[in-house]
Amino acid sequence: VQMETEIPAGDRTLVRGTPISSPDRVIFPKPKTTKLDLARYYDAMADRILPTLADRPASLLRLPSGLEGERFFQKHAGKGFPKAIRSLPIEEKDGGTEQYIYIADAEGLVAAAQMGTVEFHPWGARRDRLDRPERLVFDLDPDEGLGFAAVRRAAFDLRGKLEELGLGSWPMVSGGKGVHVIVPLRRTAGWDTVKLFAQLFATLLASGQPDRYTATMAKAARKGRIFIDWLRNERGATAIAPFSVRARPGAPVAVPVSWDELARLRRANGFGLKAAQERAWSDLTLPADATLGEPVLARLEALREKQA
Ligand code: ATP
Ligand code: MN
Ligand code: MN
């Protein structure tokens, strides 16, 4: 017979040294998920979240009173922030300097959850080399009414075309409607190169299959199509972190999957907190980091000429 361990009443709400206030506040009604559940989730998932979140400037999507209440993105550190949420000065385009938030460890994740953070949105670069992105991300955004099968097919299309260029990629279901196709990069190229590559690549796909894809953000251009959102690849742009919970009904989680698994998935928001916790990064074979250099750009140019 298993003995019940006595937990002192005051300790239940202490997670990684952070006391969680209003621990029983319901953040998601269905499945019922409290603020304490979220803090514990992020504590338990630190080993899986931190590899792609730690030491990147990150926006926090905060919902202090839960799914139905107000929500706001926060990218700058505020007064009265706990020490566990770090900040670094970053020069803005207009020349001024602002303090940007970054998370460094599990303590930071939990401290953010204590402040009502549900979603974590990192930049594509780490703080030691902010000018050298570490990944490309193509965020596939289907028009309303397009099913997941179309998104899935698009993701495989991108994978194939990227492979032709010598770039390995992995997919992540966003926890919303789409899939992010992610290319880990060696940190050699700067933002200009990475953004230009992303734009040219998205445009190449859209002009090759204009009935299925658009590389234009305007909603009108999306009609019945998938927007290949390449704009996540500029300095200051963010994308949802792998294993972040989403502030959407059902408390879905953004989950990296293998290509084989993606082929069998039926939706982008099918993983909840529990399913996410049963997964590991080691379920995936991540491609070796690629160099976005002259050879890749030359191959892209050749593809463009072939298609033209
Ligand atoms: P879905 O699959 O439903 O599209 P998503 O996370 O890809 O989910 P998008 O609206 O396509 O959602 O946004 C892509 C990314 O762009 C987000 O994950 C976020 O990092 C960033 N983003 C979008 N809107 C904002 C915003 N208003 N403020 C800050 N960042 C945003
Ligand atoms: Mn999207
Ligand atoms: Mn988008």
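Keep in mind that this is a model prediction, so the values were computed, not measured. (Residues numbered from 1 in each chain as written. Chains lettered and ligands numbered in written order. Predicted model: local features only at pLDDT ≥ 70, side-chain atom pairs only at ≥ 80, totals over all residues.)

### With respect to the domain arrangement of the protein
Then, number 1: With domains assigned, the protein is organised as domain 1 (11-122) and domain 2 (131-308).
Then, number 2: Here domain 1 and domain 2 have C-alpha centroids that lie 25 Å from each other.
Then, number 3: Taken together, the contacts link 23 residues of domain 1 with 18 residues of domain 2.
Then, number 4: Looking at the side of domain 1 that touches domain 2, the elements that each hand over two or more residues are α1 (35-44), α2 (46-53), β5 (58-62) and β9 (117-122). (Domains from an automatic or database assignment. Contact = placed C-beta atoms within 7 Å. Helix = DSSP H or I, 4+ residues; strand = E, 2+ residues; numbered from the N terminus.)

### Notes on the sheet that holds strand β15 (residues 255-256)
Then, number 1: Here 6 strands make up an open sheet; going across it, the order is β13-β14-β10-β12-β11-β15 and the pairing mixed. Of all strands in the sheet, those with a lone pairing partner are β13 (213-214) and β15, marking the two edges.
Then, number 2: Pairing between strand β10 (residues 135-142) and strand β14 (residues 226-229): 4 bridges, direction antiparallel. From the neighbouring strand, P142 faces β14, where its bridge partner is I226. (Pairing = 2+ DSSP bridges.)

### Regarding the confidence of the model for the protein
Then, number 1: Overall, the predicted model of the protein reaches an average pLDDT of 94, with 94% of residues at or above 70.
Then, number 2: Model confidence for the complex: the whole-complex pTM is 0.95, and ipTM, which rates the interface, is 0.95. (pLDDT = per-residue confidence, 0-100.)

### Comments concerning the pairing of strand β12 (residues 179-184)
Then, number 1: Within β12, 5 of the 6 residues are buried, leaving the element largely enclosed by the surrounding structure.
Then, number 2: When β10 meets β12, the two strands line up antiparallel, connected through 6 bridges. By the bridge assignment, L140 is partnered in β12 with V179.
Then, number 3: Relative to β12, strand β11 (residues 170-173) is paired through 4 bridges, and the arrangement is antiparallel. When the bridges of β12 are listed, P171 appears paired with V181.
Then, number 4: In sequence, β11 turns back onto β12 through a hairpin of 5 residues, with G175 there showing a positive phi of about 85°. (Buried ≥ 20, exposed ≤ 12 C-beta atoms within 10 Å, placed from the backbone.)

### Let's talk about the site of ligand 1
Then, number 1: In the vicinity of ligand 1 lie 15 residues, with H121, S174, G176, G178 and I240 positioned nearest.
Then, number 2: Per-domain counts for the shell around ligand 1 show at least three residues from each of domain 1 (11-122) and domain 2 (131-308). (Near = placed C-beta within 6 Å.)

### Describing the sheet that holds β5
Hydrogen bonds between backbone atoms are what pair the strands of a sheet, whose relative direction is either parallel or antiparallel.
Then, number 1: Pairing is antiparallel across the open sheet formed by 3 strands, whose spatial order is β6-β5-β9. In the strand order of this sheet, the two ends are held by β6 (72-74) and β9, each with one partner. Here the strands of the sheet are splayed against their neighbours by 25° on average, with no regard to which way each runs.
Then, number 2: Sheet topology places β5 next to β9; 5 bridges connect them, and they run antiparallel. Bridge pairing in β9 links L60 to F120. (Axes fitted to C-alpha atoms, helices over the stretch in contact; angles between N-to-C directions.)

### Looking at the environment of S174
Then, number 1: Within the fold, S174 resides in the loop between β11 and β12.
Then, number 2: Looking at S174, the number of C-beta atoms within 10 Å reads 24, which means it is buried.
Then, number 3: In this structure, the C-alpha to C-alpha distance between S174 and A239, residues 65 residues apart in sequence, is 9.5 Å.
Then, number 4: Those residues within four positions of S174 in sequence are excluded, and the remaining contacts are V179, H180, I240, A254 and A268.

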